[in-house]
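# An overview of the molecular structure
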2 protein chains.
Amino acid sequence: MSHSLGGQRGPAEHERRDQIISAARDHFRHYGYSKTTVADLAKAIGLSTAYIYKFFDSKKAIGEAVCGHCLGDIAQAVRSVAEEPKPASERLRRVFIELARQGAALCSANPKMHDIVAAALMEKWQSCKSHEVTLMSIVRRIVQDGREAGEFERKTPLDETCRAILLALEPINNPILLAQRLEAIEEDAATVAGLVLRSLAP
Amino acid sequence: MSHSLGGQRGPAEHERRDQIISAARDHFRHYGYSKTTVADLAKAIGLSTAYIYKFFDSKKAIGEAVCGHCLGDIAQAVRSVAEEPKPASERLRRVFIELARQGAALCSANPKMHDIVAAALMEKWQSCKSHEVTLMSIVRRIVQDGREAGEFERKTPLDETCRAILLALEPINNPILLAQRLEAIEEDAATVAGLVLRSLAP
C-alpha cells in the first residue's frame, strides 16, 4: 500500500476507497450488482482483488457503500427543501414531492441502481436503515417547527406523529412501490401530503 | 366432459372448476407456485392436463383464480368489520387493524401463498386490481357515512380523501412491505389509522 508524505495515510486511503466506490457505481449501473464481481472492479481500477479487500470485507460491503452514496444524494436533496425558510406545512409538502421526484429519477435514469436499492431494502442493509433515520430526523425537525409556530396540533405525542408520517411516506419512499406507479408518483405524493397536512391541523 | 342431468352443465362445470382451484391451492401452499405444474394438478385430481385447459388457459389463470380466492377471503373479513353498526371512525380504524391481521396471518401461516400474492401484485394481476377496487369501495362507504353523520370533514373532495386513505393503507396492505415488519404490523396499522382519523376530523 502506498503511503503518502507527511503521514497522510488516512486521506490517501480515503481517496482509494472513493475510487473503488466510484468504479463500483459505474459497474453496478451498467451491469447490475449481481453480475459484477470484485475481480471486475479490481481490473477496472488496475488493482488486485486482495487490495480491494483491504478496504472492503466483501462485495456486499462495496454494495452497501454505493447504496449509501445513492441514498445520501437523495437525502441531501430532501434536506435542502426541508430547510428552506418557509412555513412548516409547505416544507413538509415539498419533502413528499422531492422524495417522489428523486425516487422516480433514480428509477428512470438508473434502473440497475434502483434495483440495488430495492434489494438493499428487502435485505435491510445498514444504508437503508440509516436513510430511514435521516428521513425521520428531517420530518421531526419540521413537525417540531410547525408545532412551535402554532401551525400544527400538539395533542398527539410527537413520536407517534412522526412515526405515522414516516409510514405514510412509505408508498412514495419505497423503491418497489414507487416503481409500480412511476407515472403517478408525484400526484400520489401530493395526495398523501395533503392527508398528512390535514392530520396536522391544530 | 360429463354433463349432468337436467341440463345442469353450468353448475357441474362450476364444481369441477372449484375442484381444480382447491387442488391448486393445496399444491401452491406446499410446493409454491413456480414449482407446481399443470400436470401435477391434473395428476392430483385424476384428470388429464387437456381437461384442465378446458377450464383455464394457463397456469397463470389458475394462479389468478387462487390468488383471487385468497384476496377474496381477506376482503370478506375486512368487509365484515367495515359493516358493523359502529361510528365511521371506529369502523375505519378496524379496517386498518383487520387488514394487518389478515395479512400477517397469511404471511405466517401460509408463506408460499403469501409469495404468490406478492408476485401477483408486482405483476399487476387482475385479482390484485380487483382487490384494490374492493378496498376502495369499503373505504368510500365508511367515509361517506362519516361525512353524513358529521363525524368527518367534507371540504376535501371525496375522491381525493379516499385515494389518500388507500395510499396510506399501502404499508399495511402491501404483502412485501407487510412481510418486512410482521412483528410491528398491528401497531403500525393503529398508528397510520390514527393519522388518517386526525386528517378526517371536521
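Residues numbered from 1 in each chain as written. Chains lettered and ligands numbered in written order. Predicted model: local features only at pLDDT ≥ 70, side-chain atom pairs only at ≥ 80, totals over all residues. Heavy atoms only, no water.

Looking now at the overall build of chain A. Each helix and strand in chain A was counted, giving 10 helices and zero strands. Taken from N to C terminus, the helices and strands of chain A fall in the order α-α-α-α-α-α-α-α-α-α. Based on the C-alpha atoms only, the size of chain A along its principal axes is roughly 60 × 40 × 25 Å. By residue count, 48% of the 202 residues in chain A fall in the buried class. Sequence-distant contacts, at least 24 apart, represent 67% of the contacts inside chain A between residues at least 6 apart. Within the structure as shown, chain A displays about 9,700 Å² of accessible surface, and the carbon and sulfur contribution to it stands at 51%. (Helix = DSSP H or I, 4+ residues; strand = E, 2+ residues; numbered from the N terminus. Buried < 20%, exposed > 50% of the residue type's maximum accessible area, 1.4 Å probe, protein only. Contact = heavy atoms within 4.5 Å. Areas by Shrake-Rupley, 256 points an atom, 1.4 Å probe, with all protein chains shown as cover.)

Once that is clear, we can look at the packing of aromatic side chains. Residue and element names in this part refer to chain A. All told, the structure shown has six aromatic pairs over all chains when counted by the stated rule. Aromatic side chains Tyr33 and Trp125 sit 5.8 Å apart centroid to centroid with 70° between the ring planes, which places their arrangement in the edge-to-face category. Of this pair, Tyr33 sits in the loop between α1 (9-31) and α2 (38-45) while Trp125 sits in the loop between α6 (111-122) and α7 (126-148), placing them 92 residues apart in sequence. The residues Tyr33 and Trp125 share a single accessibility class, namely buried. Members of the aromatic cluster, connected to one another through ring pairs, are Phe28, Tyr33 and Trp125. (Phe/Tyr/Trp six-rings, centres within 6.5 Å; stacked < 30°, edge-to-face > 60°.)

Right, let's get into the pattern of salt bridges. Close approach of charged atoms allows side chains of opposite charge to pair. Per the counting criterion, the structure on display carries 26 salt bridges over all chains. Of the charged contacts in the structure, one is a salt bridge between Glu153 of chain B and Arg198 of chain A, with a shortest N-O distance of 3.7 Å. Here Glu153 of chain B, found in the loop between α7 (126-148) and α8 (158-173), pairs with Arg198 of chain A, found in helix α10 (residues 185-200), and the two come from separate chains. Residue class for Glu153 of chain B comes out buried when judged on its relative accessible area of 6%. Between Asp159 of chain B and Arg140 of chain B there is a salt bridge, with its nearest N and O atoms 2.8 Å apart. Pair noted here: Asp159 of chain B is in helix α8 and Arg140 of chain B is in helix α7, with a separation of 19 residues, a long-range link. Residue class for Asp159 of chain B comes out exposed when judged on its relative accessible area of 52%. Here the salt bridges share partners, and the residues they tie into one network are Glu84, Lys86, Glu90 and Arg94 of chain A. (Salt bridge = Lys/Arg side-chain N within 4 Å of Asp/Glu carboxyl O.)

Residue and element names in this part refer to chain A. In the contact formed by helix α5 (residues 88-109) and α6, the axes pass within 5 Å of each other and the chain directions differ by 120°. Considered as vectors, α5 and α6 are oriented oblique to each other. Of the residues in α6, those in contact with Leu106, Cys107, Ser108 and Ala109 of α5 are Pro111, Met113, His114 and Val117. (Axes fitted to C-alpha atoms, helices over the stretch in contact; angles between N-to-C directions. Parallel < 35°, antiparallel > 145°, perpendicular 65-115°, else oblique.)

For the rest of this paragraph, the subject is the relation of the copies chain B and chain A. The operation relating chain B to chain A is a screw motion whose rotation component is 180°, with 0.0 Å of axial translation and a residual RMSD of 0.0 Å. One copy is carried onto the other by what is essentially a two-fold rotation axis. When C-alpha positions in chain B are compared against the rotation axis, the closest is assigned to Ser199 of chain B, at 1.7 Å. An overlap of 100% is found between the interface residues of chain B and their copies at the interface of chain A, pointing to a shared contact surface. (Least-squares fit on C-alpha atoms with pLDDT ≥ 70 in both.)

This paragraph deals with the interface of chain B and chain A. With 25 residues of chain B in contact, the opposing surface of chain A contributes 25 residues. Summed over both sides, the interface between chain B and chain A buries roughly 2,400 Å², with carbon and sulfur atoms accounting for 62% of that surface. Among the residues of chain B in contact with chain A, Gln180, Leu195 and Arg198 of chain B are the three that bury the most area, contributing 27% of the side total. In this structure, the connection of chain B to chain A is made through eight salt bridges. (Buried area = accessible area lost by both parts, 1.4 Å probe.)

The next thing to look at is the confidence of the model for chain A. All names here are of chain A. Of the residues in chain A, 94% reach a pLDDT of 70 or more, and the chain-wide mean stands at 89. Taken element by element, the predicted model of chain A shows its lowest mean pLDDT in α6 (80) and its highest in α10 (97). In the model, residues 1-9 has pLDDT below 50 throughout and makes five contacts with residues more than four positions away in sequence or in other chains. (pLDDT = per-residue confidence, 0-100.)

This next bit is on the domain arrangement of chain A. All names here are of chain A. By the assigned domains, chain A splits into domain 1 (9-56) and domain 2 (61-200). Centre-to-centre separation of domain 1 and domain 2, based on C-alpha positions: 29 Å. Listed as interface residues are 14 residues of domain 1 and, on the opposing side, 14 residues of domain 2. Here domain 1 meets domain 2 over a buried area of about 1,200 Å², counting both sides, of which 72% is carbon and sulfur. (Domains from an automatic or database assignment.)

It is worth spelling out the nonpolar core at this point. Among the nonpolar cores identified, the biggest contains 130 residues, and Ile62 and Phe96 of chain A together with Ile62 and Phe96 of chain B are the most heavily contacted of them. Once residues within four sequence positions are removed from consideration, Ile62 of chain A is found in contact with Ile20, Ala24, Phe28, Val38, Leu41, Ile52 and Phe56 of chain A. (Core = buried A, V, L, I, M, F, W, Y, C linked by side-chain atoms within 4.5 Å.)

Let's shift gears to the side chain of Arg147 of chain A. Residues and elements named next belong to chain A. Position of Arg147 relative to the elements: it lies in helix α7. The buried charged residue Arg147 lacks any salt bridge partner; its closest oppositely charged side chain belongs to Glu153, at an N-O distance of 4.4 Å. Sequence-distant contacts of Arg147, defined by excluding residues within four places in its chain, comprise Phe152, Glu153, Arg154, Thr156, Pro157, Leu158 and Thr161. (Lys, Arg positive; Asp, Glu negative; His and termini not counted.)

On to the environment of Met113 of chain A. All names here are of chain A. Relative to the assigned elements, Met113 resides in helix α6. Residue classification places Met113 among the buried residues on the basis of a relative accessible area of 2%. Considering only alpha carbons, one finds Met113 and Tyr33, 80 residues apart in sequence, at a separation of 8.0 Å. Other than its neighbours up to four places away in sequence, Met113 contacts Arg25, Phe28, Val66, Cys70 and Leu106.

In this section: the state of the cysteines. Enumeration according to the criterion identifies zero disulfides over all chains in this entry. The cysteine Cys107 of chain A is free of any disulfide, with Cys70 of chain A supplying the nearest cysteine sulfur at 11 Å. Note on Cys107 of chain A: relative accessible area 13%, which makes it buried. Left unpaired, Cys128 of chain B is separated from the closest cysteine sulfur, that of Cys67 of chain B, by 4.6 Å. (Disulfide = S-S within 2.5 Å.)

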